[in-house]
Amino acid sequence: MDKKTIRFKIKRQDGPDASPYWEEFEIPWAPKHNVVSSLMEIRRNPVNIQGERVRPVVWDSNCMEEVCGACTMLINGFPRQACSTLVDSLPQPIVLEPLTKFPVVRDLQVDREKMFQALLQVKAWVDIDGSWDIHEGGPRISQKDWQKTYEFARCMTCGCCMEVCPQFHPGSAFIGPAPLGQVHKTVHNPTGKLQAEERLHAIMGDGGITDCGNAQNCIQACPKDIPLTDAIADLGRKTTIQWLKDIFLT
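Residues numbered from 1 in each chain as written. Predicted model: local features only at pLDDT ≥ 70, side-chain atom pairs only at ≥ 80, totals over all residues. Heavy atoms only, no water.

**Quick notes on helix H5 (residues 177–188)**
For step 1, the next point in the chain: The end-to-end C-alpha separation of H5 is 17 Å, in line with the 16 Å expected for twelve residues at 1.5 Å each.
For step 2, the next point in the chain: Summarising burial for H5: twelve of the twelve residues are buried, a large majority. (Helix = DSSP H or I, 4+ residues; strand = E, 2+ residues; numbered from the N terminus. Expected span 1.5 Å × (residues − 1). Buried < 20%, exposed > 50% of the residue type's maximum accessible area, 1.4 Å probe, protein only.)

The structure is reproduced here in structure tokens:
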């Protein structure tokens, strides 16, 4: 393959209400370029392949270590982190698009507020954690429980699982697999179990766990290999038990 240049085809949008359009760029090849460093190179000299100087491409990035999830976008049609995707591993032209399940702010930048609101809805946090757990009287975390919750603590709210979920889309009330994974994490935390009933009720209504269609796309797309389908199956059992308790014990 000719590595003298790297060619990009980028889906652009000047604002939330603007019409999208495609624009192509070419930059000199350099070793170990990732998508973010390539976008930085385009930003330094925003000239398209027609030789026109244009507005620099907008995207999000932060950690550059595949930890924050901010730079997630569609890269050759698949949701990935731009910081950890090496250019030499991709066929050209490299096609960059914003995630489709979230509103576009500008170019490759999207507003993932819906996902963050879903995390608030299901109370996906432990109210008291950390050093309190080691004090006398507080629940201790076993190695088994620690390992189980750590798998889900690796979630970086990147939105990859939401992007590939057929039930999660702008017209759907479904909260999506990422928030469900965090509910699973909190109800298995010894401290989080104290409010397990409240969290289970939060996913038992409209847009909750019963809206999952079991497509299992989420585990294919998750960059951290989080076992989301196992979590959803476990929550299905727990919410069924909670539903029976609500009927017969109240």
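**Some details on the environment of Ala30**
For step 1, the next point in the chain: Within the secondary structure layout, Ala30 lies in the loop between strand E2 (21–28) and helix H1 (35–44).
For step 2, the next point in the chain: Expressed as a C-alpha distance, the spacing of Ala30 and Cys212, which sit 182 residues apart in the sequence, is 44 Å.

**Some details on the nonpolar core**
For step 1, the next point in the chain: Ranked by size, the top nonpolar core spans 32 residues in total, and within it Phe102, Met162, Leu180, Ile203 and Leu235 carry the most contacts.
For step 2, the next point in the chain: Composition of this core by domain shows at least three residues from each of domain 1 (5–110) and domain 2 (113–248).
For step 3, the next point in the chain: Among residues more than four places away in sequence, those in contact with Phe102 are Val110, Asp111, Arg112, Met115, Gly159, Met162 and Phe168.
For step 4, the next point in the chain: Judged by nonpolar contacts, the second largest core, of 22 residues, contains Ile10, Leu39, Val87 and Leu108. (Core = buried A, V, L, I, M, F, W, Y, C linked by side-chain atoms within 4.5 Å. Domains from an automatic or database assignment. Contact = heavy atoms within 4.5 Å.)

**Some details on the domain arrangement of the chain**
For step 1, the next point in the chain: Domain parsing of the chain yields domain 1 (5–110) and domain 2 (113–248).
For step 2, the next point in the chain: Each of domain 1 and domain 2 has a C-alpha centre, and these two points are 31 Å apart.
For step 3, the next point in the chain: The partner domain 2 presents 17 residues to the 14 residues of domain 1 that form the contact.
For step 4, the next point in the chain: Note on domain 1 versus domain 2: buried area summed over both sides is about 1,200 Å², and carbon and sulfur give 59% of it.
For step 5, the next point in the chain: We note a salt bridge from Lys224 to Glu66, for which the minimum N-O separation is 3.4 Å.
For step 6, the next point in the chain: Inspection of the region where domain 1 meets domain 2 yields five residue pairs in polar contact (both at pLDDT 80 or more).
For step 7, the next point in the chain: Here the element with the most residues in the side of domain 1 that touches domain 2 is strand E4 (residues 78–81); it accounts for four residues.
For step 8, the next point in the chain: For the side of domain 1 that touches domain 2, the class distribution of residues is seven nonpolar, four polar and three charged. (Buried area = accessible area lost by both parts, 1.4 Å probe. Salt bridge = Lys/Arg side-chain N within 4 Å of Asp/Glu carboxyl O. Polar contact = N/O pair within 3.5 Å; in protein donor to acceptor, adjacent residues only side chain to side chain. Nonpolar A, V, L, I, M, F, W, Y, C, P; charged D, E, K, R; others polar.)

**Details of the environment of Gly176**
For step 1, the next point in the chain: Tracing the chain through its elements places Gly176 in the loop between helix H4 (160–164) and H5.
For step 2, the next point in the chain: With 58 residues separating them in the primary sequence, Gly176 and Asp234 have C-alpha atoms 15 Å apart.
For step 3, the next point in the chain: Once residues lying within four places of it in the same chain are set aside, the contact partners of Gly176 are Met162 and Phe168.

**Focus: the packing of aromatic side chains**
For step 1, the next point in the chain: Taken as a whole and judged by the stated rule, the model has two aromatic pairs.
For step 2, the next point in the chain: Ring geometry for Phe102 and Phe168: centres 5.6 Å apart, planes at 50°, overall tilted. With Phe102 in the loop between strand E5 (94–97) and strand E6 (104–106) and Phe168 in the loop between H4 and H5, this pair connects stretches of sequence that are 66 residues apart.
For step 3, the next point in the chain: In this structure Phe168 comes out as buried when scored by relative accessible area, which is 0%.
For step 4, the next point in the chain: Between Trp146 and Tyr150, the aromatic rings sit 5.3 Å apart at their centres with planes inclined by 10°, giving stacked as the arrangement. In this pair, Trp146 and Tyr150 are both assigned in helix H3 (residues 143–153), four residues apart and thus about one turn of the helix distant.
For step 5, the next point in the chain: Against the face of Trp22 rests Lys9, its NZ or CZ located 5.0 Å from the ring centre.
For step 6, the next point in the chain: Between the NZ or CZ atom of Lys114 and the centre of the ring of Phe168, over which it lies, the distance is 4.7 Å. (Phe/Tyr/Trp six-rings, centres within 6.5 Å; stacked < 30°, edge-to-face > 60°. Lys NZ or Arg CZ within 6 Å of the ring centre and 35° of its normal.)

**Describing H1**
For step 1, the next point in the chain: Buried residues of H1: Val35, Val36, Ser37, Ser38, Leu39 and Ile42, and no others.
For step 2, the next point in the chain: Buried residues in H1 make contact with strand E1 (5–12), E2, strand E3 (72–75) and E5.
For step 3, the next point in the chain: With a side-chain oxygen positioned 3.2 Å from the backbone nitrogen of Val36, the residue opening H1 is Asn34.

**Let's talk about unusual backbone geometry**
For step 1, the next point in the chain: That bond from Gln92 to Pro93 is cis: its omega, 0°, falls within 30 degrees of zero.
For step 2, the next point in the chain: Along the chain, the position of Pro93 falls in the loop between E4 and E5.
For step 3, the next point in the chain: Phi at Asp107 is positive, roughly 50°, even though this residue is not glycine.
For step 4, the next point in the chain: Residue placement: Asp107 occurs in the loop between E6 and strand E7 (109–110).
For step 5, the next point in the chain: Judged by its relative accessible area of 0%, Asp107 falls in the buried class.
For step 6, the next point in the chain: Of note in this structure, Asn214 is not a glycine but carries a positive phi near 60°.
For step 7, the next point in the chain: Inspection of the secondary structure puts Asn214 in the loop between helix H6 (196–202) and helix H7 (217–221).
For step 8, the next point in the chain: Since its relative accessible area comes to 51%, Asn214 is described here as exposed.

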